[in-house]
Every structure is written in C-alpha cells, then in structure tokens.
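Chain by chain, the residues run as shown.
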Amino acid sequence: MRPNDSATLGADTVNAITDVPGVLVGHHERLETGWATGTTVVLVPDAAVGAVDQRGGAPGTRETNLLEPENLVRRVNAICFSGGSAYGLAAADGVVRWLGERNLGFPVGSQPHEVVPIVPAAVIFDLPRGDWGNTPDASFGYAACEAAVGGPVAQGTVGAGTGAQVGSLKGGVGTASERVDEFVVGALAVVNASGEAVRLDTGEPYAADHEVAGEFGVPSWPGRPAETEVDGTDLNTTVGVVAVDARLSKAQCRRLAVAAQDGLARAVRPAHTMFDGDTVFALATGARELPMRQGPIGDVGRAAVLDRLASAAARVFARAMARGVLAATSVPGLAAYRDVWPEVFDERP
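Bear in mind the structure is a predicted one, so any value in this text is a computation, not a measurement. (Residues numbered from 1 in each chain as written. Predicted model: local features only at pLDDT ≥ 70, side-chain atom pairs only at ≥ 80, totals over all residues. Heavy atoms only, no water.)

Engineer: Just to check I follow, could you spell out the packing of aromatic side chains for this structure?
Structural biologist: The geometry of an aromatic ring pair comes down to the distance between the two centres and the angle between the two planes. Scanning all chains against the criterion turns up seven aromatic pairs. Arranged with centres 6.0 Å apart and planes meeting at 20°, the rings of Trp 35 and Phe 140 form a pair that is stacked. Note that Trp 35 is positioned in strand S2 (residues 35–54) and Phe 140 in helix H2 (residues 138–146), a separation of 105 residues in sequence. Per residue, the accessibility class of Trp 35 equals that of Phe 140, and both read buried. Aromatic pair Tyr 337 and Trp 341: ring centres 4.8 Å apart, planes at 40°, arrangement tilted. The rings of Phe 216, Trp 221, Tyr 337, Trp 341 and Phe 345 are connected pair by pair, giving a single aromatic cluster. The cationic tip of Arg 30 hangs over the ring face of Trp 35; the distance from NZ or CZ to the ring centre is 4.0 Å. Taking the ring centre of Phe 345 as reference, the NZ or CZ of Arg 338 above it sits at 4.3 Å. (Phe/Tyr/Trp six-rings, centres within 6.5 Å; stacked < 30°, edge-to-face > 60°. Helix = DSSP H or I, 4+ residues; strand = E, 2+ residues; numbered from the N terminus. Buried < 20%, exposed > 50% of the residue type's maximum accessible area, 1.4 Å probe, protein only. Lys NZ or Arg CZ within 6 Å of the ring centre and 35° of its normal.)

What follows is the structure in structure tokens.
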C-alpha cells in the first residue's frame, strides 16, 4: 500500500463531502425482495454555484444544460442521484417538492414561495437488481431530503448505491474530503462502472495509492486472485459530485468537475466507455474568496489556487470511489469486495 502524502484531512474532519460547510447528504433506499435501488441527495440549502462534466456514451441526466457557463442560472439547491435508469429521474421531483415547501429555489416572483428549485440529477443503471418496475420515484427523493444531515455519511450499499455494480463486484456510495490551504474539497461518488475498480489478480483497488491516513482500514491488500467470478455488465454509470467552499464562477466550477473525472479514470478501468454515462457535478458554496496576487503574466494567484483545488478534486473523487467499493455489502447474485477477499477485513486492527 502506497499512502498519499500530498493530501491532508482537516482537524475536525469526518472525511466526507459534508466537511464542506453548508453541504448535507441524505439517502433513501429499498433493499428487500424485488427491490435493490435507492436515491441519494446532496443538499445545499443556501444554494451553491453549480457545474457539470459529462463523459461516456450513455448518460441519464436532468437539468444539466442550465449549468453551462453561458446560461442564466448560476446556483443550484441540490443534486439528486438515483438508481432506476431513466425511470429514476422521477426521484428529483420529490427533491423539488421538498425544497419548494421551504421556499428554496430560484426566485421568479415577489413572494417568498414564488421560487423554482434547481435540482440537476443523474441516474445509474441498476435495473437487473430488482423486479422490473421497482424503481425510485418522487417519494424516494423527498425521503432522502428528509434524511439529509451534515457530519458522517453512510457509505456502501445505501441510497443510489444500493443496486450498484462495478465491473464484477458490488458497487456503492463513497465519500471523502481534503483540505487545501484554507479550503475544503469533498466528493461523493456512486460507483456503478462498467470497468473494474480492483485488480482482480491481487485485490488491490486501482485508487489504493490515493489513500490518506489509513482511511481504507486495510493493513495490506490480499495479493491473490479472486476465488469467485461474477459476470460484469455493459450497462453502467458512475455519477457523483465534488464540492468546495471557495467562491467560484460557473466556468471555474466546471474545472473542478473536469478534474474529478480524472479521479474517476484513476479509480476504474476502463472509464468513460460507450456503455457508461459518467457524470460529475461540482458545487462551490462561496464561503471563501480565492486569493488575489498579481504576477508577471497577470492574476496568477487565483489560477494557481484553482489548479490546486482541481488537483484535490481528482484525488478526493478517486478516494470516494475506492471507499464506496470497500464499504459495499453484497446483494443477491452480486458479491461485494468483502465476500471475495474477506481476509482483508479480518486483519483490520
């Protein structure tokens, strides 16, 4: 295991996207006979500048065009992730209703309730995990909002990661954070990739070298091939969001989403295939200004700090993906990492 010495966690961190002040996360899922799907909502009640970077050939999204830098709306109120493929986009309706009941949204009138909540969304393909037609609807999104909290975030087979699959293993939800100077960068990923996140001949995650402060909880990787084989799937998607407490424009925010896609490609191989709809959002809450330092070629100070934030976005997204895979538990017909290499968890201190 090669620890990542270039990243640091904050003093009071929970190593989650909720370390970014003003960001909340809620899950809702159904995992029972005929059901293995759910919804995860990343709430920003005070709103945040939003952006998106979409790669891969099979996206399932909502409200992404409005995040283009040239378009009107700058700030979003929540990001919704859901299982159920295109059917699961209905979960965002419940998020919109929850926000609207609290007068949170883009103002379109003179009265407090005259708002339009801005809720971009992305879905994963998990239809094989449950009975056909058992997919998230608006009630899932509403319930996830009701469950949203700051602090520690449940990981693994929860929320939108309930029915997730990554290559031949169970996928799931993961999260991580990092401090960059006075800023906090956090990520949440729903790991459901067509490619593998783990070297099947050794059991080592591809993102193992990004680990910070022993966060994966694994003394050593197995160093042996998987003893069982599970068929992969060609219809998958990894979705997620990276957040920072910096004040950024939409264009600057998009740079974080672009960089986070690099983290995705470090954590799963191959990435961004025609059968993946890899979509990463970015949120900037605006709590802290980028520094202004003039250099010989202009305002290089802001660009340099933005570059550091983008590098961190790639790292935290890769770490979030690894944590989601390691935290996942099996569902019928799909083994989790801990089932294939149980000795890794037996050796934990």
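Engineer: Whenever I open this one, H2 confuses me. Can you help?
Structural biologist: Along an α-helix, residues three or four positions apart point the same way, because every turn accommodates 3.6 residues. Of all the positions in H2, only Phe 140, Gly 141, Tyr 142, Ala 144 and Cys 145 are classed as buried. Looking at the buried residues of H2, the elements they touch are strand S1 (24–32), S2 and helix H1 (91–101). (Contact = heavy atoms within 4.5 Å.)

Engineer: I keep staring at the pairing of S2 and nothing clicks. Help me out?
Structural biologist: The two faces of a sheet get side chains in turn, since along a regular strand they alternate between them. By the criterion of burial, S2 is predominantly enclosed, with 17 of the 20 residues buried. Bridge count between S1 and S2: nine bridges; the pairing is antiparallel. Note on S2: the bridge partner recorded for Glu 32 is Trp 35. In sequence, S1 turns back onto S2 through a hairpin of two residues, with Gly 34 there showing a positive phi of about 85°. Pairing analysis gives seven bridges linking S2 to strand S4 (residues 75–82), with the strands arranged antiparallel. When the bridges of S4 are listed, Val 41 appears paired with Cys 80. The sheet contact formed by S2 and strand S13 (residues 279–288) spans six bridges and is antiparallel. Opposite Gln 54, over in S13, you have Thr 279 as the bridge partner. (Pairing = 2+ DSSP bridges.)

Engineer: Just checking my understanding: could you explain the pattern of salt bridges for this structure?
Structural biologist: When their charged atoms lie close together, side chains carrying opposite charge are able to pair. Per the stated rule, a full pass over the model turns up 14 salt bridges. Here Asp 53 makes a salt bridge to Arg 55, at a shortest N to O gap of 2.6 Å. Note on Asp 53: relative accessible area 3%, which makes it buried. Overall, the relative accessible area of 26% leaves Arg 55 in the partly exposed class. With its nearest N and O atoms 2.7 Å apart, the salt bridge here joins Asp 93 to Arg 62. With Asp 93 in helix H1 and Arg 62 in strand S3 (residues 61–62), the pair connects residues that are 31 residues apart, well separated along the chain. Among the residues examined, Arg 62 registers a relative accessible area of 23% and is labelled partly exposed. (Salt bridge = Lys/Arg side-chain N within 4 Å of Asp/Glu carboxyl O.)

Engineer: Where do I start with empty space enclosed by the protein in this structure?
Structural biologist: Here the idea is plain: a probe the size of a water molecule rolls over the atoms and shows the empty space left. Per the stated rule, a full pass over the model turns up two cavities of 30 Å³ or more. Space inside the largest cavity adds up to approximately 70 Å³. Taken together, Ala 36, Thr 37, Asp 126, Leu 127, Arg 129, Gly 130, Asp 131, Trp 132, Gly 133, Asn 134 and Thr 135 form the lining of the largest cavity. In this model, the second largest cavity occupies a volume close to 40 Å³. Every residue lining the second largest cavity is listed: Ala 197, Val 198, Pro 205, Tyr 206, Ala 207, Ala 267, Ala 322, Val 325 and Leu 326. Take the lining of the second largest cavity: its biggest share by element is three residues, from helix H4 (residues 300–327). Residues that form the lining of the second largest cavity fall into these classes: nine nonpolar, no polar and no charged. (1 Å grid on protein atoms, 1.4 Å probe; cavity = no way out; pocket = protein on both sides within 12 Å on 5 of 7 lines; lining within 4 Å. Points joined across faces, edges and corners; volume = space filled by probe spheres on them. Nonpolar A, V, L, I, M, F, W, Y, C, P; charged D, E, K, R; others polar.)

Engineer: What's the story with the nonpolar core in this structure? I'm lost.
Structural biologist: What tends to happen in soluble globular proteins is that the nonpolar side chains get buried as a cluster. With 55 residues, the main nonpolar core has Val 244, Leu 256, Leu 309 and Tyr 337 as its most contacted residues. By size, the runner-up hydrophobic cluster in this structure holds 31 residues, among which are Ile 17, Ile 118, Val 173 and Val 239. (Core = buried A, V, L, I, M, F, W, Y, C linked by side-chain atoms within 4.5 Å.)

Engineer: Would you mind showing me how to read the environment of Lys 170 here?
Structural biologist: Positionally, Lys 170 belongs in strand S9 (residues 169–170). Lys 170 sits 158 residues away from Ala 328 along the chain, and the two C-alpha atoms are 6.4 Å apart. A polar atom in the side chain of Lys 170 sits 3.2 Å from the backbone oxygen of Ala 164. (Polar contact = N/O pair within 3.5 Å; in protein donor to acceptor, adjacent residues only side chain to side chain.)

The values reported here are purely geometric and, on their own, carry no functional implication.
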